[in-house]
Amino acid sequence: MTKLGRELASKGINIISLSVGEPDFNTPEHVKNAAKKALDENYTRYSPVPGYPDLRQAIVNKLKTENNLDYDISQIVVSTGAKQSLSNVILTLIDPDDEVIIPTPYWVSYSEMVTLAEGKSVFIDTDIESNFKITPAQLEAAITPKSKLFMFSSPCNPTGSVYSKEELAALVAVFEKHPNIYILSDEIYEHINFVDQHESIAQFDSIKDRVIIVNGFSKAFAMTGWRLGYIAANKEIAAANDKLQGQTTSGTCSIAQRAGIVAYEQGLASVLEMKEAFLRRRELVYNLLNEIPGVKTNLPDGAFYFFPEISSFFGKKDAEGNVIKDSSDLALYLLNVGHVATVGGDSFGNNNYIRLSYAASDESLVEALKRIKEALGKLA
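Every value quoted in this text rests on a predicted model; they were computed, and no experiment measured them. (Residues numbered from 1 in each chain as written. Predicted model: local features only at pLDDT ≥ 70, side-chain atom pairs only at ≥ 80, totals over all residues. Heavy atoms only, no water.)

1. Considerations on the UniProt feature "domain: Aminotransferase class I/classII large" (unreviewed entry) in the protein
Those places that UniProt annotates as "domain: Aminotransferase class I/classII large" (unreviewed entry) correspond, in this numbering, to residues 14-372. Strand forms 14% of residues 14-372 and helix 37%; the C-alpha atoms that close the span are 14 Å apart. (UniProt positions renumbered as here; feature names shortened; annotations may be inferred. Helix = DSSP H or I, 4+ residues; strand = E, 2+ residues; numbered from the N terminus.)

In structure tokens form, the structure reads like this:
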């Protein structure tokens, strides 16, 4: 959808993109200055495969200070974005026919990474009524003797759902009965969180050794193009990821790593400014979505997405008689008629929804929701 939107924009059509999963802010100045300083200091050679020791120590310090989690640098592996971190973990853990349990909706690449590792994705379906969160009973029912890994994100892309400490504890009680299952916790949206605080499933001592945290700098510090992510895991898994990465990409960009050190060492002031803007936009979009007949939405607790239910429009026709059969059809219709780029929910494992990113200016969001409302009103 992003590609199609850009193609229409290149033809002079005013497209508002709500399809891209990245902050619309610039990287903070102190982080950019750190990169410039790194160039001046000639950090231009190969970096260690798992990352510079002082960056890994900064990550260890962050995990202790912000999350009350104890790791040492031998348990940290820095990669070229959290996406590579996820891929590394799956490739090192999953053998052919191993089952990976994934709640839906999920980030589009999860299941494809499992396929690449020759594993099998087992999906647990959720919906808007449960705020897109699974129950312990659903988790228990999905587990088989072949289950090897459970992977999820909180805050979630695409729904913005956030698991509370109590909800995580209930899932942990299930994992305690199944000691052969690892837990991959994607926490890249940690700081875009509108509840009291971020809760990591790694805080529970009974399963911590089986938890692999994936995090990074892209969302919190608006550093998507810098490609800087990491894992925190037990030493065996960290060593396996280090070994795999050494035979694929080796160490990630030296300049980005030096900037990452400063990002973590100089506090969250810029992060909190972005979070405040996202909170304001969340309220704006929530109110505007609720004004559109046929659209059903919840109020996400984190990230910068809405995942509204839009199945009431399936079976309706546009002005040319084309039938809207699924979420992809609706997203394409909104792009071509409303000139707003969204993403069909089928890409995330739930066809009855579409994803809207509110990482855009207030003015753009107001205009985009106006266009969406008008376009949907034309369907008959």
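2. Describing the sheet that holds strand β4 (residues 120-125)
The strand order across the open sheet formed by seven strands is β2-β8-β7-β6-β5-β3-β4, and the pairing between neighbours is mixed. Edge positions in the sheet fall to β2 (76-79) and β4, since each has one partner strand and no second. Mean inter-strand twist for the sheet, computed between neighbouring axes without regard to direction, equals 20°. Pairing analysis gives three bridges linking strand β3 (residues 99-104) to strand β5 (residues 147-153), with the strands arranged parallel. Within the sheet, the bridge partner assigned to V100 lies in β5 and is L149. (Pairing = 2+ DSSP bridges. Axes fitted to C-alpha atoms, helices over the stretch in contact; angles between N-to-C directions.)

3. Quick look at the pairing of strand β6 (residues 182-186)
Across a regular strand the side chains alternate sides, sitting on one face of the sheet and then on the other. A large share of β6 lies buried, amounting to four of its five residues. Taken together, the five bridges between β5 and β6 define a ladder with parallel strand orientation. What sits directly across from L149, in β6, is Y182. For the segment spanning β5, helix α7 (residues 165-175) and β6, crossover handedness is right-handed. Note: β6 against strand β7 (residues 211-216), four bridges, orientation parallel. Bridge pairing links I183 to V211 in β7. (Buried < 20%, exposed > 50% of the residue type's maximum accessible area, 1.4 Å probe, protein only. Right-handed = clockwise from strand over helix to strand, strands pointing away.)

4. A few points about the pattern of salt bridges
Throughout the structure, instances matching the rule amount to 17 salt bridges. With its nearest N and O atoms 2.8 Å apart, the salt bridge here joins R281 to D24. Of the two residues, R281 sits in helix α10 (residues 269-289) while D24 sits in the loop between β1 (16-17) and α2 (29-40), which places them 257 residues apart along the sequence. Judged by relative accessible area, R281 falls into the buried class, the value being 5%. For D24, a relative accessible area of 34% puts it in the partly exposed group. Close ionic contact of D72 with K235 constitutes a salt bridge, the shortest N to O distance being 3.8 Å. Placement of the pair is D72 in the loop between α3 (53-67) and β2 and K235 in helix α8 (residues 235-246), with a sequence separation of 163 residues. (Salt bridge = Lys/Arg side-chain N within 4 Å of Asp/Glu carboxyl O.)

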